[in-house]
Amino acid sequence: MFEQEEKYAADAIGRALEAMGYTPPAKIAMRPIPLEGIWGVGSTVAMQLAGKDRAKVGEIAEGVAERLRALNHFANVHAENGYINCIFDVGKVATAVIHAVLTAGSDYGRGAAIPGRVMIEYAQLNTHKEFHVGHLRNVALGAALVRIMRFAGYDVVAASYIGDIGLHVIKCLWCYREFHMGQEPKDPAQRGRWLGERYVEANQRLAYRKDVSDFIARLVLEDMVFNGQVDSIMKELIHAGVPNGDVAKLLGVLVSHKPFDPTAYVNDEMIPIFWKHIGAELRSEKRRDAIKHQVDGLHSDSLASLWTEYQRLDAHFTQWWAPSATWEAEARALFLAWDRKEKDIVALWEKTRQWSLDELLQLFAQLGAPIEVYFYESEVEEPGRAIVRNLLERGIAEVSDGLPVVKIDEKLGLAKETYRTLPILRSDGTTLYATKDLALAAVKFDEYHVDHSIYVVDARQSFYFQQIFKILELMGFAQAAQCRHLPYEFLTLPEGTMSSRSGNAVFFEDVAADALARARAAVDEKNPDLPEETKAEIARTIGIGALLYGMLDRDNNTVIVFDWEQALSFDGHAAPYIQYAHARACRILERAQAEGIALPDATSAIHLSAPVTEEMALLEQIGNFPAEVRRAAETDKPLIIANYVYDLAKRFSDFYGACPVVQAEPETRTTRLALVDATRQTLANGLALLGIHAPNVM
RNA sequence: GCGCCCGUAGCUCAGUGGAUAGAGCGUUUGGUUGCGGACCAAAAGGCCAGAGGUUCGAGUCCUCUCGGGCGUACCA
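Residues numbered from 1 in each chain as written. Chains lettered and ligands numbered in written order. Predicted model: local features only at pLDDT ≥ 70, side-chain atom pairs only at ≥ 80, totals over all residues. Heavy atoms only, no water.

Caption draft 1: Structural view of the overall build of chain A. Along chain A, the regular secondary structure elements total 25 helices and 15 strands. Each of the three principal axes of chain A carries a C-alpha extent, and together these read 105 × 65 × 55 Å. Sorting the 698 residues of chain A into buried and exposed places 51% on the buried side. In chain A, of all internal contacts separated by at least 6 residues, the share reaching a separation of at least 24 is 75%. In the structure as shown, chain A presents an accessible area of about 31600 Å², 52% of it carried by carbon and sulfur atoms. If the 73 positive side-chain charges of chain A are averaged to one point and the 95 negative ones to another, these points end up 2 Å apart. (Helix = DSSP H or I, 4+ residues; strand = E, 2+ residues; numbered from the N terminus. Buried < 20%, exposed > 50% of the residue type's maximum accessible area, 1.4 Å probe, protein only. Contact = heavy atoms within 4.5 Å. Areas by Shrake-Rupley, 256 points an atom, 1.4 Å probe, with all protein chains shown as cover. Lys, Arg positive; Asp, Glu negative; His and termini not counted. Charge placed at Lys NZ, Arg CZ, Asp CG, Glu CD.)

Caption draft 2: Structural detail: the sheet that holds strand β9 (residues 403-407). Sheet architecture is open: three strands sit in the order β8-β9-β10, paired in antiparallel fashion. Taken across any chain shown, the strands that pair with only one partner, and hence form the sheet edges, are β8 (398-400) and β10 (421-423). Averaged over all adjacent pairs, the angle separating strand axes in this sheet is 50 degrees, with direction ignored. Alignment of β8 against β9, held across three bridges, turns out to be antiparallel. For S400, the partnering residue across the bridge sits in β9 and is L403. Contacts from helix α18 (residues 462-475) reach β9 and β10 within the one sheet, and its direction differs from that of β10 by about 90 degrees. (Pairing = 2+ DSSP bridges. Axes fitted to C-alpha atoms, helices over the stretch in contact; angles between N-to-C directions.)

Caption draft 3: Expanded view of the packing of aromatic side chains. Under the definition given, this model contains 38 aromatic pairs. Note on F317 and W321: the rings are 5.4 Å apart at their centroids and 10 degrees apart in plane angle, and the pair reads as stacked. Judged by its relative accessible area of 5%, F317 is buried. Put simply, the rings of Y161, Y433, Y455, Y464, F465 and F469 pair up and form one aromatic cluster. The ring of F179 has R205 sitting right over it, with the charged end atom 3.4 Å from the ring centre. (Phe/Tyr/Trp six-rings, centres within 6.5 Å; stacked < 30°, edge-to-face > 60°. Lys NZ or Arg CZ within 6 Å of the ring centre and 35° of its normal.)

Caption draft 4: Highlighting the pattern of salt bridges. The tally for this structure, following the rule as stated, stands at 40 salt bridges. The salt bridge involving R193 is made with E509; its shortest N-O contact spans 3.2 Å. You can see R193 sitting in helix α7 (residues 191-206) and its partner E509 sitting in helix α19 (residues 508-526), a full 316 residues away along the chain. Residue classification places R193 among the buried residues on the basis of a relative accessible area of 14%. The class of E509 is partly exposed, set by a relative accessible area of 33%. Put simply, R312 and D211 hold a salt bridge, and the shortest N to O gap is 3.1 Å. (Salt bridge = Lys/Arg side-chain N within 4 Å of Asp/Glu carboxyl O.)

Caption draft 5: Main features of the sheet that holds strand β2 (residues 40-43). On the basis of which strands lie adjacent, the open sheet formed by four strands has the order β1-β2-β4-β3 and antiparallel pairing. Each edge of the sheet is formed by a strand with only one pairing partner; in this case those strands are β1 (31-32) and β3 (76-80). Here four bridges tie β2 to strand β4 (residues 83-87), and the two strands are oriented antiparallel to one another. Considered in β4, the bridge of V41 is made with C86. Across the face of the sheet, helix α3 (residues 54-69) comes into contact with β3 and β4 while running at roughly 175 degrees to β3.

Caption draft 6: Molecular detail of the pairing of β3. Bridging between β3 and β4 involves five bridges; their strand directions are antiparallel. Across the sheet, A79 pairs through a bridge with I84, a residue of β4. The antiparallel hairpin formed by β3 and β4 contains two residues in its connecting segment, where N81 sits at a positive phi of about 50 degrees.

Caption draft 7: Expanded view of the nonpolar core. By size, the foremost hydrophobic cluster in this structure holds 129 residues, and its most contacted members are I120 and Y122. If you tally residues by element for this core, the top one is helix α5 (residues 133-152), at 13 residues. (Core = buried A, V, L, I, M, F, W, Y, C linked by side-chain atoms within 4.5 Å.)

Caption draft 8: Structural context of unusual backbone geometry. The phi dihedral of K341 falls on the positive side, at around 55 degrees, and the residue is not glycine. Within the secondary structure layout, K341 lies in the loop between α13 (324-339) and α14 (343-367). Residue K341 is classed as partly exposed on the basis of its relative accessible area, which comes to 43%. Positive phi values are uncommon outside glycine, yet R420 reaches one of about 60 degrees. Looking at where R420 falls in the secondary structure, it is placed in the loop between α16 (408-412) and β10.

Caption draft 9: Representation of the protein's contact with RNA strand B within the structure. Taken together, 65 residues sit near RNA strand B, with R420, R426, K526, Y580 and C659 positioned nearest. By atom count, sugar and phosphate contribute 55% of the portion of RNA strand B lying within 4 Å of the protein. Between RNA strand B and T44 there is a distance of 3.4 Å, counted from a base nitrogen to a side-chain nitrogen or oxygen. With respect to RNA strand B, the backbone of Y656 contributes an N or O atom lying 2.8 Å from a base nitrogen. Looking at the surface near RNA strand B residue by residue, the class counts come to 31 nonpolar, 17 polar and 17 charged. (Near = heavy atom within 4 Å. Polar contact = N/O pair within 3.5 Å; in protein donor to acceptor, adjacent residues only side chain to side chain. Nonpolar A, V, L, I, M, F, W, Y, C, P; charged D, E, K, R; others polar.)

Caption draft 10: Just the environment of M234, in detail. Tracing the chain through its elements places M234 in helix α9 (residues 224-239). The exposure class assigned to M234 is buried, which follows from its relative accessible area of 6%. With 14 residues separating them along the chain, M234 and A248 place their C-alpha atoms 8.4 Å apart. The residues contacting M234, other than those within four sequence positions of it, are V247, L250, L251 and L254.

Caption draft 11: Summary view of the environment of I542. Along the chain, I542 falls in helix α20 (residues 532-552). Other than its neighbours up to four places away in sequence, I542 contacts A519, V523, F570, P576, Q579 and M698.

Caption draft 12: Broad picture of the layout of surface pockets. Taken as a whole, the largest pocket spans an internal volume of roughly 1100 Å³. What lines the largest pocket is a set of 37 residues, among which Q124, N126, K129, Y433 and Q461 lie closest to the centre. The set of elements that each furnish at least two residues to the lining of the largest pocket consists of α5, α6 (167-179), α17 (433-446) and β11 (452-458). Looking at the lining of the largest pocket, its residues break down into 14 nonpolar, 14 polar and nine charged. (1 Å grid on protein atoms, 1.4 Å probe; cavity = no way out; pocket = protein on both sides within 12 Å on 5 of 7 lines; lining within 4 Å. Points joined across faces, edges and corners; volume = space filled by probe spheres on them.)

Caption draft 13: Spatial organisation of the side chain of D636. Tracing the chain through its elements places D636 in the loop between α23 (613-635) and α24 (638-658). Of the residues examined, D636 reaches a relative accessible area of 8% and is grouped as buried. There is a polar contact of 2.7 Å between the side chain of D636 and the side chain of R484. Among all residues touching D636, those that are not within four sequence positions of it are L145, M149, R484, L486 and N556.

Any link to function would need more than the numbers given here.
The structure is reproduced here in structure tokens:
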């Protein structure tokens, strides 16, 4: 908005410097003056040219200021502390800002078209898994970036890449088929979630043998009391008829703290007997600990943690231990059956996949995520294998340790270990994420003709994407240089990493339901007379807006520790504050209309001969919007827009408190109404970029 | 070992090489017979992890150290 003024100032300063016998730098940067109550742009060029010589700095700044004053373009130009400050003619610039907003409307801030097509891939969600709040960060960020880049003028294709096949899907299908065949929740809306629970169960079952083994190893290391009981337990095992060889082997493992391997024993019955003894021993330790607690008030944390884990495992021991010996092999076999496209497994996959997709599409709609293209992992498995074959034939890939890999450093001729080696197919021929990603990149280049490709994926995959991009380069794709991974840090829980695999996750559905309920309570209290449907709509707007904003008002590479209360806070630096500013702006305009006052439009005269600080601060912020949109797009930071709209709302609140609008004298009233309308419009435009609606009432 | 990211107020975080480092939460004290109190005003709270360097100028750029997180060949 102020480009013209900045350009004018920069050019004028350049000419003044030349006239004074200096060589101006190639680019004279103008920055807003950060002093309160002063609206204009300043330059530091005098300090750059004069260096340490303070007297000369003042001399240059003063000389330039004098020459600029003579041009009569700015209200004033003065030299201060070495800065050359050009003070805007407030009335002129204010008129330009307000007219620009009211003329452009919802297009205010939009940039001119930028050549080249950009594909932004985000929302890489998996079927057969539940959508948790960690995924929300990805969708919020990717969607905001799509809108911001598009608004800034880029030709953006928004793509989602759905993980509808892979080890996780196979595990889930295995669990479903073996233990839940024919079951499904009555409410179709719950199917996706139910399936996600089956996936968690599958992981627990498949990890069961290892978890038991790890537990025994831990017990031996941590529990000294248990160690003292080992001898007597061994004797009891022999009494129970366990072969001497197995008992001896187990004893060796325990006393030497070696890893416990359940497959090493002749008699699988030994472990259940041993397990019973472990339980008995832990119970008696618990009793002793309870008595000790009465005496000295102390508990053993280690024992408590062991006991919790024992209970978790023991709950399934009788049912899971024996059959679990073959589960892993079953799941692997199922993956191979999938690869052979066996009818019943494909049918089961199709049915359950649709359950998840229904849920995901509904979620994307609820979040307003713009997506034009859907890619599916299942569609790039075969093309991926073809690429692997091709890479092997061309000698870019080779078979090492029984599987195809690309030794990237070697192929690039790098002596220093940089990109290392990436496996591109499993040794049993099933596909990896890399297999499919290579094929997908080819589709993006060849079929969608994208010039730039952005991957919005969490930061833990940064190294992996460097590897992928280098392989694409080795394959000969010129666009490989235009691929960019946009990393964002993970969202964790106070108690640790969130993982849908272990079931340790906060589901988006639950958080959203809570957010809606809280928003609804507030609406009921403040606007009890609104129609039911309107109240529900406003509650959605506020609840979802608060959640989205919470994901977007931090830098991409800060780890977010999810705090339930903080995420649902409607006070202070949060979306409802901004929405509230918008609603109040709307109310002022409504009030004016109700009193028969005509609302100003893009042709109304703006009078700001003696503006108050709050008016200038607000105008300045409104005028900055287009530049902030550009900066956000260029740096991939929706955070810039999130901060921008908050600052704008804050300045509006200041203005609101200091400047009566409807009660003002007619001339001032018209100007302030125009300012309120411009604020309303800019708030709405900014929030829209974040995917947040701006309500008229709330 | 190597690589990436982070370290700013009690807590959660902003901060485009430039003027006095800012918000929110929390704490304390005030404000509405005024356009909506999801608000506003004020107070308290900082060796910007540490040490060097580049620069007229460093929270910001470079190097090193410390502390934390995450990667690092068949998870995605």
